[in-house]
Amino acid sequence: MTPAKTWRLWLVRLILGLWGIQVLWLIWHFGPEARDLAHRAASGSLGAAIRQEEPLYRWAAALQAIIPESATYVFLDDYAAGKEIEVRYYLAPRRHILLSPDISASFLFYTLHQEHAAFLLIRESQKPLGHGVQAALHSPAFHPVNLPGPGLAFRVDANLLRWGFYD
Amino acid sequence: MIEAGITLLRLLLGLGALFFLGYALLTLLVPRPRDFTLWERAAFSFGVGALALTFWMLALTWWGTPFSLGRILGPPLALAAALLLAPRGRRAVREELQAFQVRPRIALNGWDWLFLGLVVMVFLYALPRAALYPMWAWDAVATWGCKAKIFYASRGLDLTCIEAHNYYPNLTPLLLSYLYFALGQVNDSLAKVIFPLWGALLLGLLYSLAARLGLSRSSALGLAAFLALNGTVFIVHLYIAYADLPLAFFALSGAGLLYLWLADTAPRGSLTLAACFLSGMAWCKYEGPPLAATLLLAAALTLAWLRPAHWVRRLGQLSVPLAGLIVGYLPWRLFIVQQKMEIGADHIQGLYPHQMVKAVSYLLAGLLDPYYFGFLWPALVLALILAGTRLWRSPMLFLALFVGGNLVAIILAYAVAPTSAAEFPAYVRATLDRLLLHLTPVAALLLGLGLKELFPTPESPPTP
């Protein structure tokens, strides 16, 4: 074997050695998830049962029974929290409009009226309620839906909405 | 228990229909499907079947016909049956049956068992992880899975109720919604088995292409295992329901077939088949058309550089895959225009040089950090360096141009991304691994070629 070929062979062996270590690391990395999978398989809590463990899902599932499929709802949340997309997924094909929790009352009321939204959903957050939400809580156009869960839900009577006087 | 069995049966029949349709179309696209190996036929059948069925679903929406399992499957399966009853189809089926009766025993050696065992280990984890957990990953819930659920509920390609990058191509969500129709319900965990299936077919195709290019069985199996178990990205994409794995599958299929054609070792009909997979790239993801265009550009540049016999005529023959790309791109584009859908301009607004500089360092980190793709990319760089001038004197150049060109394209894409300085690192983190995943199987094929050049083995034709 030529020295050049020996050198190349050692290089390949080095890469294969590193790969071997990396395979062991992968087993360690995915270990916890594999263990979770094994535990769940043993206990039979799989598929839809995993979702049931999530309070947000249970809340959305309860809302499915209340919000008609043809209805539109406005959801107040920060997109980056990643919860809004989950609620949208659970409630699909209901029409979904995302607005910021810090939205002004006038724009919130305008959107609800303009988009014929029948429901307003607000996900619980550490931040204090914004002006728009506070105005909604005190407006006769919003009727609370009594559902336990990580959020507030209101039926909206669009005919009672007035906007332009709340900011 | 019986209900679970029926659900599983419906899933298998739904997946089987895709293979059946794809195989029948394969007999139309290539003169003799058995010129391709078993893994290639399986992978190509599934890819072509998925492509044809989802385009058919788009056509149904265009004609205002609501989806139902009968309408989705009936006409394509009737066409498939007609194709298989035609002389070419009958011959293909006859050859398959004959080969099935005389299947040679394969004696695996220790390395084969090791590599095979590693790949099987990945799927022993990924398959139940996909099939037994509900959809949860960001883009799956926000885009692909959400659209699939809506298409199923609305019995059509109705995007009026959400704003989820509505202009994105729809192969993945339509395929998921087809499985919901096959299952008779939205079962987003069970439908996810399609992703480990894409992954298995991708690895099988890589193995088969590597064997066809002259690697020994052990080396080809090792290469497939090296791709599957290098970093976390490939494994995670086997169960998170993103469109990136299908795009990587189509990119490998297109690149592999074009490489064989450039190397004059392609079975007949490979260029037509490559056209289908470029079409699939365009219909799979927003990044698909430019990725497919770079495949064609790399092939044209390789021909112009190497100047093989009849290279000008061969340049003209690239119009076949180009037509495939256009056919894959146009229907959805026309649908967007017809529906007056807004197209996001989230990629090109201006050039930001400071982002370009940062993108280079992020890209290098993405390529070198073992967390993402293990040692695959460093191994590729070493193999290419050691291949030396052979890289410039063979069709290997095509794969190198495609991979290298797209790495440059990634940097340029980040340089024009309209994000704030604060958001830029998160933006790169959320996208870079996926952009690299599209290229990584082709990079693995190139690595295989590099190894073959370094350690030539006796010619071993692939087992049909």
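The structure displayed is predicted, hence computed values, not measured ones.

Caption draft 1: Spatial organisation of the overall build of chain A. Counting its secondary structure elements, chain A contains six helices and five strands. Reading chain A from its N end, one meets helices and strands in the order α-α-α-β-α-β-α-β-α-β-β. Its C-alpha radius of gyration of 26 Å places chain A more than 25% over the 15 Å reference for a compact globule of 167 residues. The principal-axis extents of the C-alpha atoms in chain A amount to approximately 90 × 40 × 30 Å. Looking at chain A as a whole, 44% of its 167 residues are labelled buried. When the accessible surface of chain A is summed, it comes to about 9,200 Å², and 60% of that surface belongs to carbon and sulfur atoms. Taking the average place of the 15 positive charges on the side chains of chain A and the average place of its 14 negative ones, the gap between the two points comes to 12 Å.

Caption draft 2: Structural context of the confidence of the model for chain A. When pLDDT is averaged along chain A, the result is 88; 95% of the residues meet or exceed 70. Summarising per-element confidence for chain A, the mean pLDDT is lowest in helix α6 (residues 131-137) of chain A (84) and highest in helix α3 (residues 55-66) of chain A (95).

Caption draft 3: The sheet that holds strand β3 (residues 119-123) of chain A, seen in detail. Residues and elements named next belong to chain A. The strand order β2-β1-β3-β5-β4 describes an open sheet built from five strands, whose pairing is mixed. Edge positions in the open sheet fall to β2 (95-99) and β4 (142-145), since each of these has one partner strand only. If you compare each strand with its neighbour and ignore which way they point, the axes differ by 25° on average. Of the strands in this sheet, β1 (72-76), β2 and β3 touch helix α4 (residues 84-91), which is tilted by about 160° from β1.

Caption draft 4: Broad picture of the interface of chain A and chain B. Opposite the 38 residues of chain A that make contact, chain B presents 48 residues. Here chain A and chain B share an interface that buries about 3,700 Å² over both sides, 73% of which is from carbon and sulfur atoms. Contact with chain B buries surface across chain A, with A:W19, A:R88 and A:Y89 losing the most and accounting together for 21% of the total. Here chain A and chain B share two salt bridges between them.

Caption draft 5: Fine view of the pairing of β2(A). Residue and element names in this part refer to chain A. Where β1 lies against β2, five bridges are found, and the strand directions are parallel. Following the sheet pairing, F75 is matched in β2 by L98. Tracing the backbone out of β1, into α4 and back to the parallel element β2 gives a crossover that is right-handed.

Criteria and cut-off values
- Residues numbered from 1 in each chain as written.
- Chains lettered and ligands numbered in written order.
- Predicted model: local features only at pLDDT ≥ 70, side-chain atom pairs only at ≥ 80, totals over all residues.
- Heavy atoms only, no water.
- Helix = DSSP H or I, 4+ residues; strand = E, 2+ residues; numbered from the N terminus.
- Rg over C-alpha atoms; globule rule 2.2 N^0.38 Å.
- Buried < 20%, exposed > 50% of the residue type's maximum accessible area, 1.4 Å probe, protein only.
- Areas by Shrake-Rupley, 256 points an atom, 1.4 Å probe, with all protein chains shown as cover.
- Lys, Arg positive; Asp, Glu negative; His and termini not counted.
- Charge placed at Lys NZ, Arg CZ, Asp CG, Glu CD.
- pLDDT = per-residue confidence, 0-100.
- Pairing = 2+ DSSP bridges.
- Axes fitted to C-alpha atoms, helices over the stretch in contact; angles between N-to-C directions.
- Contact = heavy atoms within 4.5 Å.
- Buried area = accessible area lost by both parts, 1.4 Å probe.
- Salt bridge = Lys/Arg side-chain N within 4 Å of Asp/Glu carboxyl O.
- Right-handed = clockwise from strand over helix to strand, strands pointing away.

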